[in-house]
Amino acid sequence: MNAMFETAASECHPASVPDYTPLPELRDLQLKRLQAVVTLAWKRVKLFRTRMDERGLAPEDIRSLDDIAKLPFTQKSDLRDTYPFGLFASPMKDVVRLHASSGTTGKPIVVAYTQKDVDVWTSVLVRCFAGCGLHRGDIMQVAYGYGLFTGGLGAHYGAEGLGATVVPTSGGHADRQIMLMRDFGVTAMCCTPTYFLHLIDRAAELGVDMKELPLRAGIFGAEPWTESMRKHIEKMSSIEAFDIYGLSEIIGPGVGCECRRHQGLHIFEDHFYPEIVDPETGAPLADGCEGELVLTTLSKQAMPMIRYRTRDITSILRGQCGCGRTLRRIDRIGRRSDDMLIIRGVNVFPSQVEAALLEIEGTLPHYQIVLTRVQGLDEMEVQVEVTPQMFNDKIGALQELHQKLQSALDHVLGIRVRVALVEANSIERSEGKAKRVIDRRTA
Amino acid sequence: MRIQQISMFVENKPGHLTMPARLLAEEGIDIRSLYLADTQQFGIVRMIVSDWQKAARILETHGFAVKVTEVLAVEVADRPGGLTRILVALDGIGINIEYMYAFPYSRTDEAILIFRFADLDAAMARLQAAGINLVTSEELLTK
């Protein structure tokens, strides 16, 4: 082990030891695991074998990590097309858990775990939480939805694996979340960032000062969020906010997480091998280049995923993190390749809208973009909820706020949008994830 | 003398007043006065109610953006010149009226003017010095 980082590694949680694996050793491990997972998928998953055959590829052709680029991609539609069990590599008797995510259209996506998969999942979440400075003695409230969604149970097992006390509140019932947070002395919260913003607002309405609570960390994920949102959350609640990344197709939450340096998210690449590719052509891109994140599960048994196209846009950060972990980091994910809206020919990302709204003091990012087509022209409306903090009982003050939002959005997006102030809590929230875009344009 | 007024943000859409009105009715809260300031897109409902603390709590619990502001209620004769007398008393000392609205008493020949001032204390002193009757919240709710 690198002498400089000995202290960090020796003080860490036992589960976090792999975070510090020397690079040559890590690459060897990754290659061995890649060869094994490709062999497994080739033997057991018909779709993968067909695609390998079409390319004239066999598992033996994977001789180095760079050879991964020869392998075919897997896409979300592959999971739908083979619904429900077509991509499983284990017989059902070895599958101990199924999760499913509601697809935006049509059939859900089903994912499977063997006992070993569940154990790996737990171990990466322990490594996430330990990296956030949490440990035995912490009281962790898990407000991700429990059930078919991977968020709740994933975080739950991880928190228990860490040795923390888990408060499994699941999603919803904001008043009760706040009451338990206060009464139980919760020190860490796991939920989506937008749900936590909602809790901050609600706590203020109930007269509970988040800053006075023992809460010191928030592990937020399941949707893209921005640096300015982090600053806002940290200011309003006096906690340290961490970005956690994951997706059900790969394992669930725990694919990657920030450490206390907050300079990108470490990918637990002894289990999930990251690549960045050009979202248009699929060509591999060098570290530091922005593109689509592609992940390969290196140790998954029940449902190995080879080169899964995440649609998340990021880059692999160059250089090693100051924390001493040898794991590579990805930049925070601000957008997805399928998030992009084209409005009157101009590319618009919801994250740009969010950044513009946050620039205006007092505006919390509960917003929704509604797209319509009027006489062949795209119209974009940004609905912004008027929170009690923003509300002023003078018409002039509200008009001024409206005007400020209007110019901030026009400036950032470069197109004229309509801004509508709407009543607090009037924008629908589902599973704690805010639905940001409603597209009513018909082709 | 200070009256607690409840203001609430509503969208300017059909049906958006029904829910808050029903919530207050269910709790037996009487709306003494209601004034709607509106733009094309949104409005502000301003109300003086029988129990402002309870009303604010109920509306907040149901997710409405609510503010409690202090206003003054002034009693005037409900005939030509009634309003002028009040405004004259306020003129010339730089007290800005942020907004105002009026409503008549049902069985007397008086009207009530509700004022929101940038500087409430200065306005109150000025009106009292001019011998103008300020109505207390008790009077407002019982008349």
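Residues numbered from 1 in each chain as written. Chains lettered and ligands numbered in written order. Predicted model: local features only at pLDDT ≥ 70, side-chain atom pairs only at ≥ 80, totals over all residues.

1. Quick notes on the overall build of chain A
The cut-off we apply is this: Secondary structure follows DSSP: runs of H or I at least 4 residues long count as helices, runs of E at least 2 residues long count as strands, and numbering of each begins at the N terminus. We compute the radius of gyration from the C-alpha atoms alone; for a globule the expected value is 2.2 Å times N to the 0.38, where N is the number of residues. The contact rule is simple: place each C-beta atom from the backbone, and if two of them lie within 7 Å, those residues are in contact.
In terms of helices and strands, chain A carries 11 helices and 22 strands. In summary, chain A has a C-alpha radius of gyration of 22 Å against a globular reference of 22 Å for 443 residues, a match within 12%. Principal axes of the C-alpha set define a box for chain A whose edges measure 70 × 55 × 45 Å. Sequence-distant contacts in chain A: of pairs separated by 6 or more residues, those separated by 24 or more amount to 67%.

2. Regarding the interface of chain B and chain A
Contact with chain B, which involves 18 residues of that partner, is made by 16 residues of chain A. Elements represented by at least two residues in the side of chain B that touches chain A include exactly β1 (2-11), β3 (42-49) and β4 (66-77) of chain B. Here the element with the most residues in the side of chain B that touches chain A is β1(B); it accounts for four residues.

3. Focus on the nonpolar core
A general trend in soluble globular proteins is that nonpolar side chains are found buried together. To be explicit about the condition: What makes a nonpolar core is a set of buried Ala, Val, Leu, Ile, Met, Phe, Trp, Tyr and Cys residues, with links drawn between C-beta atoms within 7 Å. With C-beta atoms placed from the backbone, a residue is buried if 20 or more other C-beta atoms are within 10 Å of its own, exposed if 12 or fewer are, and partly exposed between those counts.
Membership of the largest hydrophobic core comes to 93 residues, with the highest contact counts inside it found for Phe129(A), Leu134(A), Met140(A), Cys190(A), Ile219(A), Val255(A) and Leu295(A). Among the elements that take part in this core, helix α5 (residues 115-131) of chain A stands out by supplying eight residues, more than any other. Every residue in contact with Met140(A), bar those within four places of it in the chain, is listed here: Leu134(A), Ala159(A), Ala164(A), Thr165(A), Val166(A), Val167(A), Ala188(A) and Cys190(A). One finds Val353(A), Ile44(B), Ile48(B) and Val49(B) within the second-largest nonpolar core, a separate group that totals 51 residues.

4. Regarding the domain arrangement of chain A
Residues and elements named next belong to chain A. The following threshold applies: Domains are outlined according to an automatic or database domain assignment. Polar here means any residue other than Ala, Val, Leu, Ile, Met, Phe, Trp, Tyr, Cys and Pro, which are nonpolar, and Asp, Glu, Lys and Arg, which are charged; Gly is therefore polar.
Each assigned domain of chain A is listed here: domain 1 (1-337) and domain 2 (341-439). Between the C-alpha centres of domain 1 and domain 2 there is a distance of 30 Å. Of the residues lining the interface, 20 residues belong to domain 1; the matching set on domain 2 comes to 13 residues. When contributions to the side of domain 1 that touches domain 2 are tallied by element, the ones reaching two or more residues are α8 (193-205) and α9 (227-237). No other element matches α8, which puts five residues into the side of domain 1 that touches domain 2. Looking at the side of domain 1 that touches domain 2 residue by residue, the classes come out as eight nonpolar, eight polar and four charged.

5. Section: helix α10 (residues 350-359) of chain A
Residues and elements named next belong to chain A. Keep this limit in mind: Of all possible arcs, the one meant is that of the directions from the helix axis to the C-beta atoms.
Those residues of α10 not exposed but buried are Pro350, Val353, Glu354, Ala356 and Leu357. Along α10, the residues classed as buried sweep out an arc of 165° about the axis, all on the same side. Buried residues belonging to α10 abut α9, β17 (367-374), β18 (377-386), α11 (395-413) and β22 (437-439).

6. A look at the sheet that holds strand β19 (residues 418-423) of chain A
Residue and element names in this part refer to chain A. Let me state the cut-off plainly: Pairing between two strands is assigned when DSSP locates at least 2 bridges connecting them. Angles here are taken between N-to-C directions and fall from 0 to 180 degrees, while the axes themselves are lines fitted to C-alpha atoms, restricted in helices to the stretch in contact.
Ordered in space as β19-β18-β17-β22, the four strands form an open sheet in which the pairing is mixed. Two strands in the sheet have a free side with no partner beyond their single neighbour: β19 and β22. Adjacent strand axes in the sheet meet at a mean angle of 25°, parallel and antiparallel pairs treated alike. Here three bridges tie β17 to β22, and the two strands are oriented parallel to one another. Of the residues in β22, the one forming a bridge with Ile369 is Val437. Packed onto the sheet, α10 meets β17, β18 and β22 and runs at close to 125° relative to β17. Across the sheet, α11 touches β18 and β19, and the angle it forms with β19 is around 135°.

7. A short note on the confidence of the model for chain A
Caution applies to low-pLDDT parts of the model: their predicted coordinates are not meant to be read in detail. Selection rule: For every residue, the predictor states its confidence as a pLDDT score lying anywhere from 0 to 100.
The predicted model of chain A averages 90 in pLDDT, with 94% of residues at 70 or higher. Every residue in residues 1-10 of chain A is under pLDDT 50, and counting partners more than four places away or in other chains gives 12 contacts.

8. As for the sheet that holds strand β4 (residues 165-167) of chain A
All names here are of chain A. The mixed open sheet is built from eight strands, whose spatial order is β4-β3-β5-β6-β7-β8-β9-β13. The strands lining the two open edges of the sheet, one partner per strand, are β4 and β13 (329-330). One ladder, built from three bridges, connects strand β3 (residues 139-142) with strand β5 (residues 188-191); its direction is parallel. Across the sheet, Met140 pairs through a bridge with Ala188, a residue of β5. Each of β3, β4, β5 and β8 (252-258) touches helix α6 (residues 150-162); the most contacted strand, β8, lies at about 60° to it.

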